[in-house]
Amino acid sequence: MNKISHGQKLFLSKVKRHRMIVLFARLLILILFLAIWEVCANTGIIDSFIFSSPYRIALCFWEMVEDGSIFLHTGITLYETIVSFLLVTVLSIFAAVLLWCSRKLSEILEPYLVVLNSLPKSALAPLLIVWLGATPTTIIVAGMSVAIFGSIMNLYTSFITVDPEKIKLIYTLHGTRRHALTKVVLPSSIPAVISNMKVNIGLCLVGVVIGEFLAARNGLGYLIIYSSQVFKMNWLLMSIILLCIMAMVLYTVIGAIEKFYVKKL
(Lines give C-alpha, C1' and ligand atoms only; values in the text may rest on other atoms or scores of the structure.)
Protein backbone atom coordinates (compact mmCIF):
# COMPACT_ATOMS: atom_id res chain seq x y z
CA MET A 1 0.00 0.00 0.00
CA ASN A 2 1.46 3.35 -1.06
CA LYS A 3 1.98 5.89 1.69
CA ILE A 4 0.98 9.51 1.14
CA SER A 5 4.01 11.79 1.16
CA HIS A 6 4.24 14.97 3.22
CA GLY A 7 3.91 17.11 0.09
CA GLN A 8 0.75 15.26 -0.95
CA LYS A 9 -0.71 15.73 2.53
CA LEU A 10 -0.04 19.47 2.34
CA PHE A 11 -1.64 19.66 -1.11
CA LEU A 12 -4.76 17.72 0.00
CA SER A 13 -4.98 19.91 3.09
CA LYS A 14 -4.88 23.05 0.94
CA VAL A 15 -7.57 21.69 -1.36
CA LYS A 16 -9.81 20.80 1.59
CA ARG A 17 -9.24 24.21 3.20
CA HIS A 18 -10.04 25.95 -0.10
CA ARG A 19 -13.33 24.04 -0.41
CA MET A 20 -14.28 24.89 3.18
CA ILE A 21 -13.54 28.59 2.60
CA VAL A 22 -15.65 28.62 -0.58
CA LEU A 23 -18.55 26.86 1.20
CA PHE A 24 -18.32 29.18 4.20
CA ALA A 25 -18.23 32.27 1.96
CA ARG A 26 -21.30 31.10 0.03
CA LEU A 27 -23.28 30.48 3.24
CA LEU A 28 -22.12 33.79 4.72
CA ILE A 29 -23.27 35.76 1.66
CA LEU A 30 -26.67 34.04 1.76
CA ILE A 31 -27.14 34.62 5.50
CA LEU A 32 -26.08 38.28 5.26
CA PHE A 33 -28.43 38.86 2.34
CA LEU A 34 -31.39 37.32 4.17
CA ALA A 35 -30.56 39.20 7.38
CA ILE A 36 -30.28 42.57 5.61
CA TRP A 37 -33.51 41.87 3.71
CA GLU A 38 -35.37 41.01 6.94
CA VAL A 39 -34.04 44.05 8.82
CA CYS A 40 -34.86 46.43 5.96
CA ALA A 41 -38.41 45.04 5.72
CA ASN A 42 -39.02 45.28 9.47
CA THR A 43 -37.60 48.80 9.83
CA GLY A 44 -39.48 50.23 6.86
CA ILE A 45 -36.40 50.88 4.70
CA ILE A 46 -38.16 48.85 2.01
CA ASP A 47 -41.89 48.31 1.61
CA SER A 48 -42.61 44.89 3.11
CA PHE A 49 -45.83 44.66 1.09
CA ILE A 50 -43.93 44.88 -2.18
CA PHE A 51 -40.66 43.19 -1.23
CA SER A 52 -42.00 40.85 1.49
CA SER A 53 -39.39 39.40 3.89
CA PRO A 54 -37.68 36.05 4.51
CA TYR A 55 -39.85 35.40 7.57
CA ARG A 56 -43.10 36.06 5.70
CA ILE A 57 -41.98 33.89 2.79
CA ALA A 58 -41.04 31.05 5.15
CA LEU A 59 -44.40 31.40 6.93
CA CYS A 60 -46.24 31.32 3.59
CA PHE A 61 -44.28 28.24 2.54
CA TRP A 62 -45.14 26.43 5.78
CA GLU A 63 -48.84 27.24 5.41
CA MET A 64 -48.81 25.77 1.89
CA VAL A 65 -46.91 22.72 3.15
CA GLU A 66 -49.63 22.13 5.75
CA ASP A 67 -52.44 22.26 3.19
CA GLY A 68 -50.38 20.31 0.63
CA SER A 69 -50.82 22.81 -2.20
CA ILE A 70 -47.12 23.55 -2.55
CA PHE A 71 -46.38 19.89 -3.33
CA LEU A 72 -48.96 19.95 -6.11
CA HIS A 73 -47.52 23.06 -7.77
CA THR A 74 -43.89 22.00 -7.35
CA GLY A 75 -44.54 18.42 -8.45
CA ILE A 76 -46.32 19.48 -11.65
CA THR A 77 -43.55 21.88 -12.66
CA LEU A 78 -40.89 19.27 -11.87
CA TYR A 79 -42.72 16.58 -13.85
CA GLU A 80 -43.18 18.79 -16.90
CA THR A 81 -39.54 19.89 -16.78
CA ILE A 82 -38.16 16.35 -16.54
CA VAL A 83 -40.41 15.06 -19.35
CA SER A 84 -39.46 17.92 -21.67
CA PHE A 85 -35.77 17.49 -20.77
CA LEU A 86 -35.80 13.76 -21.51
CA LEU A 87 -37.60 14.30 -24.81
CA VAL A 88 -35.14 17.03 -25.81
CA THR A 89 -32.18 14.80 -24.98
CA VAL A 90 -33.47 11.81 -26.97
CA LEU A 91 -34.78 13.76 -29.96
CA SER A 92 -31.72 16.00 -30.25
CA ILE A 93 -29.35 13.01 -30.27
CA PHE A 94 -31.52 11.26 -32.88
CA ALA A 95 -31.70 14.39 -35.05
CA ALA A 96 -27.96 15.03 -34.76
CA VAL A 97 -27.26 11.44 -35.83
CA LEU A 98 -29.49 11.89 -38.89
CA LEU A 99 -27.69 15.11 -39.83
CA TRP A 100 -24.31 13.41 -39.38
CA CYS A 101 -25.39 10.48 -41.57
CA SER A 102 -26.56 12.78 -44.38
CA ARG A 103 -24.35 15.74 -45.25
CA LYS A 104 -26.92 16.90 -47.82
CA LEU A 105 -29.72 16.88 -45.22
CA SER A 106 -27.60 18.90 -42.78
CA GLU A 107 -26.85 21.55 -45.42
CA ILE A 108 -30.56 21.80 -46.27
CA LEU A 109 -31.78 22.09 -42.67
CA GLU A 110 -28.98 24.22 -41.19
CA PRO A 111 -30.52 27.67 -41.96
CA TYR A 112 -33.90 26.53 -40.60
CA LEU A 113 -32.31 25.32 -37.37
CA VAL A 114 -30.46 28.64 -36.99
CA VAL A 115 -33.67 30.63 -37.49
CA LEU A 116 -35.73 28.46 -35.14
CA ASN A 117 -33.01 28.58 -32.48
CA SER A 118 -32.87 32.41 -32.72
CA LEU A 119 -36.64 32.83 -32.55
CA PRO A 120 -37.89 34.14 -29.15
CA LYS A 121 -39.63 31.08 -27.73
CA SER A 122 -42.11 33.17 -25.72
CA ALA A 123 -43.58 34.16 -29.09
CA LEU A 124 -44.39 30.51 -29.81
CA ALA A 125 -46.34 29.92 -26.59
CA PRO A 126 -49.62 31.60 -27.69
CA LEU A 127 -49.45 29.72 -30.99
CA LEU A 128 -48.96 26.41 -29.17
CA ILE A 129 -52.02 27.14 -27.04
CA VAL A 130 -54.12 27.65 -30.18
CA TRP A 131 -52.79 24.45 -31.75
CA LEU A 132 -52.72 22.14 -28.72
CA GLY A 133 -55.01 23.82 -26.21
CA ALA A 134 -54.28 24.76 -22.60
CA THR A 135 -53.00 21.32 -21.59
CA PRO A 136 -49.88 19.87 -19.95
CA THR A 137 -48.80 18.74 -23.44
CA THR A 138 -48.61 22.38 -24.51
CA ILE A 139 -46.41 23.22 -21.54
CA ILE A 140 -44.08 20.28 -22.21
CA VAL A 141 -43.77 21.28 -25.88
CA ALA A 142 -43.06 24.87 -24.78
CA GLY A 143 -40.28 23.57 -22.55
CA MET A 144 -38.85 21.53 -25.42
CA SER A 145 -38.99 24.43 -27.88
CA VAL A 146 -36.55 26.50 -25.81
CA ALA A 147 -33.79 23.88 -25.86
CA ILE A 148 -34.15 21.46 -28.73
CA PHE A 149 -32.90 23.46 -31.72
CA GLY A 150 -29.74 24.69 -30.00
CA SER A 151 -29.17 21.19 -28.64
CA ILE A 152 -29.35 19.65 -32.12
CA MET A 153 -26.87 22.18 -33.50
CA ASN A 154 -24.41 21.71 -30.63
CA LEU A 155 -24.50 17.92 -30.83
CA TYR A 156 -24.15 17.91 -34.62
CA THR A 157 -21.13 20.21 -34.32
CA SER A 158 -19.64 17.81 -31.77
CA PHE A 159 -20.24 14.85 -34.09
CA ILE A 160 -18.54 16.41 -37.12
CA THR A 161 -15.51 17.57 -35.11
CA VAL A 162 -14.62 14.08 -33.86
CA ASP A 163 -11.01 13.10 -34.67
CA PRO A 164 -11.11 12.22 -38.40
CA GLU A 165 -8.12 9.89 -38.02
CA LYS A 166 -10.16 7.58 -35.79
CA ILE A 167 -12.96 7.45 -38.34
CA LYS A 168 -10.43 6.82 -41.11
CA LEU A 169 -9.07 3.91 -39.07
CA ILE A 170 -12.57 2.37 -38.89
CA TYR A 171 -12.92 2.56 -42.67
CA THR A 172 -9.39 1.19 -43.15
CA LEU A 173 -10.40 -1.86 -41.15
CA HIS A 174 -13.38 -2.29 -43.52
CA GLY A 175 -15.86 -0.84 -41.06
CA THR A 176 -19.11 0.79 -42.15
CA ARG A 177 -20.60 4.19 -41.38
CA ARG A 178 -22.64 2.52 -38.65
CA HIS A 179 -19.43 1.26 -37.06
CA ALA A 180 -17.91 4.74 -37.24
CA LEU A 181 -21.00 6.14 -35.53
CA THR A 182 -21.25 3.56 -32.75
CA LYS A 183 -17.52 2.98 -32.13
CA VAL A 184 -16.11 6.50 -32.54
CA VAL A 185 -18.59 9.35 -32.93
CA LEU A 186 -21.06 8.58 -30.14
CA PRO A 187 -18.49 7.48 -27.51
CA SER A 188 -16.30 10.51 -28.27
CA SER A 189 -19.31 12.84 -27.97
CA ILE A 190 -20.56 11.66 -24.57
CA PRO A 191 -18.87 14.58 -22.74
CA ALA A 192 -20.57 16.97 -25.18
CA VAL A 193 -23.91 15.23 -24.62
CA ILE A 194 -23.59 15.58 -20.83
CA SER A 195 -22.49 19.22 -21.16
CA ASN A 196 -25.50 19.81 -23.39
CA MET A 197 -27.75 18.18 -20.79
CA LYS A 198 -26.47 20.57 -18.11
CA VAL A 199 -27.55 23.51 -20.26
CA ASN A 200 -30.82 21.96 -21.42
CA ILE A 201 -32.16 21.21 -17.94
CA GLY A 202 -32.21 24.93 -17.14
CA LEU A 203 -33.62 25.88 -20.54
CA CYS A 204 -36.42 23.31 -20.23
CA LEU A 205 -37.35 24.73 -16.83
CA VAL A 206 -37.51 28.22 -18.35
CA GLY A 207 -39.70 26.98 -21.19
CA VAL A 208 -42.04 25.14 -18.82
CA VAL A 209 -42.48 28.25 -16.68
CA ILE A 210 -43.25 30.31 -19.80
CA GLY A 211 -45.85 27.73 -20.77
CA GLU A 212 -47.35 27.75 -17.27
CA PHE A 213 -47.66 31.53 -17.42
CA LEU A 214 -50.16 31.16 -20.28
CA ALA A 215 -51.67 27.68 -20.27
CA ALA A 216 -51.74 26.25 -16.73
CA ARG A 217 -53.99 26.06 -13.71
CA ASN A 218 -51.28 24.53 -11.54
CA GLY A 219 -47.51 24.75 -11.25
CA LEU A 220 -45.02 27.32 -10.00
CA GLY A 221 -45.31 29.37 -13.20
CA TYR A 222 -49.07 29.61 -12.71
CA LEU A 223 -48.52 30.52 -9.05
CA ILE A 224 -46.17 33.35 -10.07
CA ILE A 225 -48.52 34.88 -12.63
CA TYR A 226 -51.57 34.50 -10.36
CA SER A 227 -49.87 35.97 -7.29
CA SER A 228 -48.62 38.96 -9.32
CA GLN A 229 -52.19 39.66 -10.44
CA VAL A 230 -53.63 39.59 -6.91
CA PHE A 231 -50.53 41.19 -5.29
CA LYS A 232 -49.68 38.20 -3.09
CA MET A 233 -45.98 38.93 -3.15
CA ASN A 234 -45.20 36.27 -0.55
CA TRP A 235 -46.44 33.62 -2.98
CA LEU A 236 -44.58 35.18 -5.90
CA LEU A 237 -41.20 35.40 -4.18
CA MET A 238 -41.61 31.96 -2.62
CA SER A 239 -42.30 30.49 -6.09
CA ILE A 240 -39.22 32.18 -7.53
CA ILE A 241 -37.07 30.83 -4.70
CA LEU A 242 -38.45 27.33 -5.23
CA LEU A 243 -37.64 27.57 -8.95
CA CYS A 244 -34.06 28.57 -8.07
CA ILE A 245 -33.76 25.60 -5.71
CA MET A 246 -35.27 23.26 -8.31
CA ALA A 247 -32.84 24.47 -10.99
CA MET A 248 -29.90 24.02 -8.62
CA VAL A 249 -30.96 20.47 -7.65
CA LEU A 250 -31.54 19.39 -11.26
CA TYR A 251 -28.18 20.83 -12.33
CA THR A 252 -26.50 19.03 -9.42
CA VAL A 253 -28.03 15.72 -10.51
CA ILE A 254 -26.65 16.14 -14.04
CA GLY A 255 -23.29 17.10 -12.52
CA ALA A 256 -23.34 13.89 -10.45
CA ILE A 257 -24.00 11.87 -13.64
CA GLU A 258 -21.00 13.58 -15.25
CA LYS A 259 -18.74 12.76 -12.28
CA PHE A 260 -19.93 9.14 -12.35
CA TYR A 261 -19.07 8.89 -16.05
CA VAL A 262 -15.63 10.46 -15.53
CA LYS A 263 -14.83 8.00 -12.72
CA LYS A 264 -15.71 5.05 -14.95
CA LEU A 265 -13.23 6.16 -17.64
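Residues numbered from 1 in each chain as written. Predicted model: local features only at pLDDT ≥ 70, side-chain atom pairs only at ≥ 80, totals over all residues. Heavy atoms only, no water.

- As annotated in an unreviewed UniProt entry, the chain carries the name ABC transporter permease and comes from Candidatus Mediterraneibacter pullicola.
- Check the Sequence similarities (unreviewed entry) section of the UniProt entry for the chain; it says "Belongs to the binding-protein-dependent transport system permease family." (UniProt positions renumbered as here; feature names shortened; annotations may be inferred.)

### Brief notes about the state of the cysteines
In protein structure, a disulfide is the covalent linkage between the sulfur atoms of two cysteines.
Here's step 1: A full pass over the atoms with the stated rule returns zero disulfides.
Here's step 2: Cysteine cysteine 60 is unpaired, with the sulfur of cysteine 244 as its nearest cysteine sulfur at 16 Å.
Here's step 3: Cysteine cysteine 204 is unpaired, with the sulfur of cysteine 244 as its nearest cysteine sulfur at 17 Å.
Here's step 4: Classification of cysteine 204 as buried rests on a relative accessible area of 0%. (Disulfide = S-S within 2.5 Å. Buried < 20%, exposed > 50% of the residue type's maximum accessible area, 1.4 Å probe, protein only.)

### A short note on unusual backbone geometry
Here's step 1: We note that serine 52 has phi near 55 degrees; this positive angle belongs to a residue other than glycine.
Here's step 2: Mapped onto the elements of the fold, serine 52 is located in the loop between helix H2 (48-51) and helix H3 (54-67).
Here's step 3: Although it is not a glycine, phenylalanine 231 sits at a positive phi angle of roughly 60 degrees.
Here's step 4: Positionally, phenylalanine 231 belongs in the loop between helix H11 (220-229) and helix H12 (233-264). (Helix = DSSP H or I, 4+ residues; strand = E, 2+ residues; numbered from the N terminus.)

### Details of the UniProt feature "transmembrane region" (unreviewed entry) in the chain
Here's step 1: Here, the residues flagged by UniProt with the feature "transmembrane region" (unreviewed entry) are residues 21-46, 82-101, 113-133, 139-162, 199-216 and 236-257.
Here's step 2: Across residues 21-46 one finds 88% helix and 0% strand; the C-alpha atoms that close the span lie 32 Å apart.

### Some words on helix H10 (residues 190-215)
Here's step 1: Between its first and last C-alpha atoms H10 spans 35 Å; for 26 residues at 1.5 Å apiece the expected length is 38 Å, and the two agree.
Here's step 2: Along its length, H10 reaches its greatest deviation from straightness, about 25 degrees, at asparagine 200. (Expected span 1.5 Å × (residues − 1). Bend = angle between axes of the 7 residues up to and from the residue.)

### A look at the nonpolar core
Here's step 1: By size, the foremost hydrophobic cluster in this structure holds 49 residues, and its most contacted members are Val185 and Met238.
Here's step 2: For this core, the secondary-structure elements that each account for two or more residues are H3, helix H4 (69-101), helix H7 (136-160), helix H8 (164-172), helix H9 (177-188), H10, H11 and H12.
Here's step 3: Non-local contacts of methionine 238, meaning those with residues more than four positions away in its chain, are made with Ile57, Cys60, Phe61, Met64, Ile70 and Leu223. (Core = buried A, V, L, I, M, F, W, Y, C linked by side-chain atoms within 4.5 Å. Contact = heavy atoms within 4.5 Å.)

### What about the packing of aromatic side chains?
Here's step 1: Within the structure shown, the criterion is met by three aromatic pairs.
Here's step 2: The interplanar angle of 50 degrees and the centroid separation of 5.8 Å between the aromatic rings of phenylalanine 33 and tryptophan 37 together place this pair among those described as tilted. One end of the pair is phenylalanine 33 and the other is tryptophan 37, both in helix H1 (residues 6-43) and four residues apart, which spans about a single turn.
Here's step 3: An angle of 20 degrees between the planes, with centres 5.9 Å apart, marks the rings of tyrosine 222 and tyrosine 226 as stacked. Taken as a pair, tyrosine 222 and tyrosine 226 lie in helix H11 at a separation of four residues, close to a single helical turn.
Here's step 4: Residue classification places tyrosine 226 among the partly exposed positions, given a relative accessible area of 31%.
Here's step 5: Joined through ring pairs, the aromatic side chains of Tyr222, Tyr226 and Trp235 make up one cluster.
Here's step 6: Cation over ring: arginine 177 sits above tryptophan 100, and NZ or CZ is 4.2 Å from the ring centre.
Here's step 7: In this arrangement the basic side chain of lysine 232 is found over the ring face of tryptophan 235, its NZ or CZ atom lying 4.2 Å from the centre. (Phe/Tyr/Trp six-rings, centres within 6.5 Å; stacked < 30°, edge-to-face > 60°. Lys NZ or Arg CZ within 6 Å of the ring centre and 35° of its normal.)

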